[in-house]
Amino acid sequence: MSGKASSSEHRSTPLSELVRSFQTFDSTTASSADYSLIPALRLSWSLANEICKVKEETGRSPAPRYDWIDSIVVYSQSNSSKEIGMENVFDTILNDNDDDIRVKLLPSLFDNTENDARQMNGILYSLGIVFYEIFSGGERPAEFEQKQIGETTNNGFETAGTEELSDGFNPFDQGGIVDLEGEVSIFDNLLSDYNLSDDDSTLYDMAFQGDGPRKKRAQNENYNMCSVSVEPLKERGVPRSLCDLVVNMLDCANGSLRKDETYQDMSEVRDDLQLMLDKPSIYLHDQDMGRLSTTGLQTGDTVFGRNAELSTIKEAYRRSVSGDSELVTIYGHSGTGKSTLAHEFGKYVLLDGGILLSGKFDQRQQGKPFSALASAFNQYCGILLQNCELPSSKQKLAHQINHVLGREAYHLAKLIPNLATILGMELHCIINDEGCTNAQKRLQYLLCRFVEVLSSTFAAPVTLFLDDLQWADSASIAAVNQLLLTGGLASQNTKFFFLGCYREGETDCNPLWKTLCSSDLVNARSTNVKLDCMDEETLTTIVSETLCLSPRLTRPLSSIIYHKTKGNPLFVSQLMISLSKKGLLRPSLSRRRWEWDKEKIQCQKLPDDVAMFFTNSIEALSEDVKASLCVLSCFGSSTETAFIKTLERLLQKSLLNNLDAAVEEGLLDKKDGRYHFSHDRIQEAAYNMMSFLDQGRFHFSYGMALLPLAAGEGDDSILLTAANQLNLAGPEAVKEKSQNVLVADLNLQAGKKAMEMSDYETAYSYFDNGISFLRKKHWEEHYTLSLELFDLAAKCALTNGDIVSLKLLSEQVIAYVRSYEDKLNVLYLVTCALTFSSKLPESIEKGLDILANLGIDLRGCRSSMEACVQETKDLLSVYTDDEVLNTRQMTDPTMIMAMKFLGKLETGMSQIMPESAPRVMQRIIQLSLLHGMSPVSPIGFVHLGSYTAKLGDINEGYHYEKLARSLIEKVGSRESAGEVIAFGAPIRQYVEPLQATLEYHNEGYAAAMASGDIMQAAVNILCGNALFFFAGVNLQTTRDKCAELSNFLYERKMLIFMTQLKCLQHSVFKLIGIDETPKSVSAEEERIRTTNKSVMRTYNYQKAYISFMFRLYDDSKNYAEKYLDFVDSTWANLWLQHAFQAFYMGLISFWLARNSREGQQWHERGKRSKLALKKWAESSQWTFENKWYLLEAEESYCNNDFEVAKLFYEKATSSAKEHKFVHEEALACELAGYFYVELRDTDKAMEYFLLAHEKYHEWGAFGKCDSLFKNISQLDVLPQEARGSLSSERTIIRSRRSFCKTCKFAGKKDLTGLKERKY
């Protein structure tokens, strides 16, 4: 009987035949041995698993016998069409496909004897013999050939001989033992494969023995269950773990000498074999015990028991790669494996092709600006530099950085030295921009841009991992916040993921941490992952894999370790290393595995926590090693080897040899040219071994030793380290009076370095520490040093938003300075603080008073805007542009400060005192020409251009705007670039095609952020959003832009701009036709809306605009009248909004003129708007022509000059279409439709209405589309069939031809009464 199948063939092979395919194993080369070893191992596992399955399903077990191998068949399935031979079976096993290989035992092996422990020992022994034959290549134990006994053994196991097949014998008569699931009988296949008949028992026996007949065994032969040596297996190269497994199985029947190691059940054998298959490098292959006897136990960094947590982090990462930014924090008590889990995830990021930036905060290095963040970026740049395979990547990155950041990259290079190398910069050549408005904000912006460049250059998501967040500085937290904000990363294609670790219970009272975790500020999904100590089962796995022994063997040891450590992973690893050093856990060269003394380990007395354990470990070291560890602990968790050599020389102490001894003890790691404490707890234990007084004394001595180096070559790292050491010691550590001045001056220099790196929190700390080291009467004895410390501390306080400290510092300066000029710095800072506190009128008054004291009186001048502008133009008329640009630089410190006050006044007064602002502009230009150009000078010229343009001369205003831009480069500072672009871009928008100017405000935003000027950054981005709306960009895009801006403003609490934005958002939502509304109005926002004239003007205009668009006559009239009350009292400058406000107010005015009692008054207002648009159309036909034409049409409509009106409606529609203003094309068509309704030309009216509907739909104004349909339905001009089409489909008719087919009029409609409607 032969087995056949349509899609596969079956092969039944006796195990005794198959085992001869297995060759000698070379255990020294695991890869070469695996080809034979793994199939043999899989067969062994299948046998153990089959016995377990039968036992579980039927409760029966095979009878103990020495010759099982003759009753075992390997059943394989092959889909190959070629002839099936022994090599196919072997390959099937090697391919690790459990569905294609089965191992079955003859039913004759099973009996109905009750299973007890004695029976199980015999079963394990019998299977052990089979395993011996499998791994020996078919050889039987030599002991069986030497002795043959035909009676019951001493153990009581009776062994039967091999049953011979006879007529009518069915090996499956006992049923239920083997389930072939409908397949052809294995044994039928076996007879067929070997050409046997059912009664040919002799040939059957030969088939089971292979090519030659084995020695035939008589029935009922009995063999003694004798001891078997596995030395032949070892000689064949079988791994020691497999030899031990066979020995442990054979020991079950012969009285074990190692009771803990013998098997108790077949499932234990199966589980051990499964481990060898799953993790052969750990459980199968031989370990180098000779090396381990020298190096001791190595715990490694494998992650155990954290699969769920790791999966959570990976899922968050995958979400970030797909779209939004993500924030994940890992927290737990010390030693729970937070960093290890993070590093394991880091491997996944790198394998997935992502970019990994990794840094660590340090309790002892908090004085170094952006310590962890800078380290993360610098380390990545260092990898690019060191990898010789990445030269093109380095060049590509340098090109992109220069392209995106330009000269602003210098500020990043100061923070990231390796980036300077990539860009080819010399750090000492980098010029510091002292005039930066807010350098910290600038650096946050630059870091965001750098992340974008990294992501785009390498087309990969960026992951930032920061460890020990409980010690994070505020500047780094703020930078991370900026990266996580929607507005922080401008590119929607940039994928950013943040992972942080912190100790549980050490961040609850940390305001910085609350800032990072604030869901209101961080527009990113947040996930918290908590790590607890390991459970006992996980700990068993840790011990098992560390010792490369089965959990069955290590469970007694792991139980002891668990109860001593409570499952703390750090404590576990350190305890195991300690046991290894003490010889209680040791490698055995004879047994080639680890051994331990369970009783002695149980008796070990250990501290209750890991901190005390480390303390005890350090106490056991020599005095020199302990002292060196204490020195190292004073400098943080990681220190460069080169720096330690410097310390050796300065302190005249031997450190490196002692630290190397600590490395051997496992307390330190030495890699990448640095010494690292193996864990923060070790550093803390070493540091806390010193008394509080000793800590201060040592810190001071280290700082003073470094002081000459810090003052000598100007090494920033040495400077900051020396200052940190001295500040940790405190003023009470000073012994000599002269040291106070030295330390105060050192802190001054360190604070300046921190400011250069834009870390104003750290800089303030340095200045504050410097002040604390000053002695009494320091104003008299060290005036210059004192003034500079107080001035710079006040500047940092303002930048950090610490108004209380600013007030205290400024009061000290004002009380003790020797001249009024020395007060100017703090007075300017106080003036800025008033502006930031929304106290603009008070700020202006204070600024005017200060300028008056400097001889610049602006209150006495009453010149009009026109007079100031003309006088300034006359002054400039004697200079050429080149002469202006080449004017010398301003050098007088007092005059430079006066210019800064004037610049601040110009910005504030142009907003709330427009009639006075031109006088400030005039004075800025006068002083620039007289005393030289300063960073403020471009502001004067751009405002001159803006005023000139508003007065009607667009082209000349455009000229001054370009001159202001050129001046920015000439003065050598981009401090004012954001403001110049913010006020200059609108002038360009009156000259150039509107759509071509969309990027100007993005440029202004970038320039303002790069200089830290958040106010002007907000002005630029707000104007940019409005520009999208005015240009007719799809409303959904405008809506998204508004949402991004809203987050930007909300995070910075810029309430005035937020209130103005909500006015625009409301109009966008209404036009789109969605119910979404901006966030609820707070009491403060309501106060601003009712008191700030600029906001009131914007609010009433938007209300009038949206009422007009939805044909709400009474509301349009009401809000238009309110708008006109503020039109002349806000902003002296020209903005693009002014043109659009004039345009829509003109349309509203002509509409009201046709229906209002005050028709003549409204008509005049409309006419003034028309003339303004006509004038602007002369400077930019592209942008303003269609608007002028539409106002001409509406005026002609009012004047009943219908033929002229028809002409201008057509011109307005065509011009809007030609110049790509889809929204204004729609509006022109709609108004033309109402006009033709008046003329009772319903065909023409419907043609315009349907085209308007189409264009509104194209703009994304679906709410307006619905409103338009309702309006024309009320006019009774819409055919019934057209109403159904528009109402049901809410779509458009995209061509006049389809319109004609849909809307066929049988004749003119009766339009009686329509004239009374207000359309």
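Residues numbered from 1 in each chain as written. Predicted model: local features only at pLDDT ≥ 70, side-chain atom pairs only at ≥ 80, totals over all residues. Heavy atoms only, no water.

### Describing the overall build of the chain
Within the chain, the secondary structure is distributed over 62 helices and 13 strands. Taking all 1319 residues of the chain together, 57% fall into the buried category. Counting every atom, the chain has about 55,400 Å² of accessible surface; 47% of that belongs to carbon and sulfur. (Helix = DSSP H or I, 4+ residues; strand = E, 2+ residues; numbered from the N terminus. Buried < 20%, exposed > 50% of the residue type's maximum accessible area, 1.4 Å probe, protein only. Areas by Shrake-Rupley, 256 points an atom, 1.4 Å probe, with all protein chains shown as cover.)

### A closer look at the confidence of the model for the chain
On average, residues of the chain score 81 in pLDDT, and 80% of them reach the 70 mark or higher. Segment residues 1-8: pLDDT under 50, and 14 contacts once partners within four positions in sequence are set aside and those in other chains are kept. (pLDDT = per-residue confidence, 0-100. Contact = heavy atoms within 4.5 Å.)

### A few points about the packing of helix H26 (residues 610-619) against helix H30 (residues 680-688)
The N-to-C vectors of H26 and H30 enclose an angle of 60°; their axes lie 9 Å apart at closest approach. Comparing their axes, H30 and H26 come out oblique. H26 and H30 meet at a crossing whose hand is right-handed. Where H26 abuts H30, its residues Val610, Ala611, Phe614, Thr615 and Ile618 lie against Arg681, Ile682, Ala685 and Ala686. (Axes fitted to C-alpha atoms, helices over the stretch in contact; angles between N-to-C directions. Parallel < 35°, antiparallel > 145°, perpendicular 65-115°, else oblique. Left-handed = near helix turned anticlockwise from the far one by under 90°.)

### Here we look at empty space enclosed by the protein
The full count for this structure, using the stated rule, is nine cavities of 30 Å³ or more. Considering only enclosed or pocket space, the largest cavity measures out at about 330 Å³ in volume. Among the secondary structure elements, those contributing two or more residues to the lining of the largest cavity are helix H9 (240-254), helix H10 (266-278), helix H11 (280-283), helix H23 (551-565) and strand E10 (593-596). Top contributing element to the lining of the largest cavity by residue count: H9, with five residues. For the lining of the largest cavity, the residue count by class is 13 nonpolar, five polar and eight charged. (1 Å grid on protein atoms, 1.4 Å probe; cavity = no way out; pocket = protein on both sides within 12 Å on 5 of 7 lines; lining within 4 Å. Points joined across faces, edges and corners; volume = space filled by probe spheres on them. Nonpolar A, V, L, I, M, F, W, Y, C, P; charged D, E, K, R; others polar.)

### Some thoughts on the sheet that holds strand E12 (residues 668-671)
What holds strands together in a sheet is hydrogen bonding between their backbones, with the strands either parallel or antiparallel. Here we have three strands laid out as an open sheet, ordered E11-E13-E12, and antiparallel in their pairing. Across the chains shown, the open sheet's two edge strands, defined by having one partner strand only, are strand E11 (638-640) and E12. The mean inter-strand angle of the sheet, taken between neighbouring strand axes irrespective of direction, is 20°. Here E12 pairs with strand E13 (residues 674-677) via four bridges, running antiparallel. Across the sheet, the residue bridging to leucine 668 is phenylalanine 677, located in E13. Helix H28 (residues 641-651) rests against E11 and E13 of the sheet, and its axis sits at about 75° to E11. (Pairing = 2+ DSSP bridges.)

### Considering the packing of aromatic side chains
Tallied over the full model, the rule gives 40 aromatic pairs. Plain terms: the ring middles of tyrosine 1236 and tyrosine 1248 are 5.6 Å apart, the flat faces sit at 10° to each other, and that makes the pair stacked. Note that tyrosine 1236 is positioned in helix H58 (residues 1222-1238) and tyrosine 1248 in helix H59 (residues 1242-1259), a separation of twelve residues in sequence. For the pair formed by tyrosine 1236 and tyrosine 1248, the shared burial category is buried. Each member of the aromatic cluster is reached from another via a ring pair, and the members are Phe1029, Phe1030, Tyr1101, Tyr1105, Tyr1123, Phe1140, Phe1143, Tyr1144 and Trp1259. Looking at arginine 697, its charged tip hangs above the ring of phenylalanine 698, at a distance of 4.6 Å from the centre. If you follow arginine 988 out to its NZ or CZ, it ends over the ring of tyrosine 1000, 5.3 Å from the centre. (Phe/Tyr/Trp six-rings, centres within 6.5 Å; stacked < 30°, edge-to-face > 60°. Lys NZ or Arg CZ within 6 Å of the ring centre and 35° of its normal.)

### Things to note about H23
Taking 1.5 Å per residue, 15 residues should reach 21 Å; H23 reaches only 18 Å between its end C-alpha atoms and comes up short. Within H23, the axis deviates most sharply at leucine 557, by approximately 35°. All buried positions along H23 are accounted for by Pro551, Arg552, Leu553, Thr554, Leu557, Ser558, Ile560, Ile561, Lys564 and Thr565. Positive phi shows up at lysine 566, right after H23, with a value of about 60°. (Expected span 1.5 Å × (residues − 1). Bend = angle between axes of the 7 residues up to and from the residue.)

### Describing the environment of glutamate 640
Looking at where glutamate 640 falls in the secondary structure, it is placed in strand E11. Here glutamate 640 is in contact with Gly673 and Arg674, once residues within four sequence places are set aside.

### A closer look at a nonpolar patch on the surface
On the surface, a cluster of nonpolar side chains totalling about 260 Å² of accessible area is made up of Leu875, Val878 and Tyr879. With respect to the helices, strands and loops of the structure, valine 878 is situated in the loop between helix H40 (865-876) and helix H41 (881-885). (Patch = residues over 30% accessible without salt bridge, like charges linked within 9 Å, V, L, I, M, F, W, Y side chains within 5 Å. Salt bridge = Lys/Arg side-chain N within 4 Å of Asp/Glu carboxyl O.)

### Details of the side chain of serine 934
Of note, serine 934 is situated in the loop between helix H43 (917-931) and helix H44 (937-950). Aside from chain neighbours lying at most four places away, what touches serine 934 is Met890, Met899 and Val971.

### Focus on the packing of H40 against H43
At their nearest, the axes of H40 and H43 sit 9 Å apart, and the two run at 15° to each other. On the basis of the axis angle, H40 is roughly parallel to H43. H40 and H43 meet at a crossing whose hand is left-handed. Residues Met865, Cys868, Val869, Glu871, Thr872, Leu875 and Leu876 of H40 form the contact with H43, whose participating residues are Pro918, Arg919, Met921, Gln922, Ile925, Gln926 and Leu929. Residues of the contact of H40 with H43, tallied by class, amount to nine nonpolar, three polar and two charged.

### A closer look at the sheet that holds strand E6 (residues 462-467)
Taken in spatial order, the five strands make up an open sheet running E5-E6-E7-E4-E8, and their pairing is parallel. The open sheet has two free edges, formed respectively by strand E5 (355-360) and strand E8 (525-531), since each of these has just one partner strand. Going across the sheet, the axis of each strand differs from the next one's by a mean of 15°, ignoring polarity. Of the pairings in the sheet, the one linking strand E4 (residues 326-332) to E8 comprises seven bridges and is parallel in character. Each bridged residue has a counterpart across the sheet, and for leucine 327 the counterpart in E8 is serine 526. Sheet strands in contact with helix H15 (residues 371-386) are E5 and E6, and its direction is about 140° off that of E5. In this fold helix H20 (residues 474-484) packs onto E4, E6 and strand E7 (496-503), with an angle of close to 145° to the strand it touches most, E7.

### Some words on the side chain of threonine 1183
Here threonine 1183 lies in helix H56 (residues 1181-1198). Here leucine 994 takes part through its backbone nitrogen, which lies 3.2 Å from a polar atom of the side chain of threonine 1183. If near-sequence neighbours (up to four positions away) are discounted, threonine 1183 is found in contact with Gln989, Glu992, Pro993, Leu994 and Phe1221. (Polar contact = N/O pair within 3.5 Å; in protein donor to acceptor, adjacent residues only side chain to side chain.)

### Side note on the pairing of E5
Residue alternation in E5 divides its side chains into a buried set, Ile355, Leu357 and Gly359, and an unburied set, Leu356, Ser358 and Lys360. One ladder, built from six bridges, connects E5 with E6; its direction is parallel. Looking across to E6, one finds that serine 358 is bridged to phenylalanine 465.

### Digging into unusual backbone geometry
As a rule of thumb, non-glycine residues mostly have phi less than zero, and peptide bonds are mostly trans rather than cis. Even without being a glycine, arginine 592 presents a positive backbone phi close to 55°. Mapped onto the elements, arginine 592 comes out in the loop between strand E9 (585-588) and E10. Under the relative-accessibility criterion, arginine 592 is labelled partly exposed at 36%. Residue asparagine 1200 is not a glycine yet carries a positive backbone phi of 60°. As for its position among the elements, asparagine 1200 is in the loop between H56 and helix H57 (1202-1218). Classification of asparagine 1200 as exposed rests on a relative accessible area of 55%.

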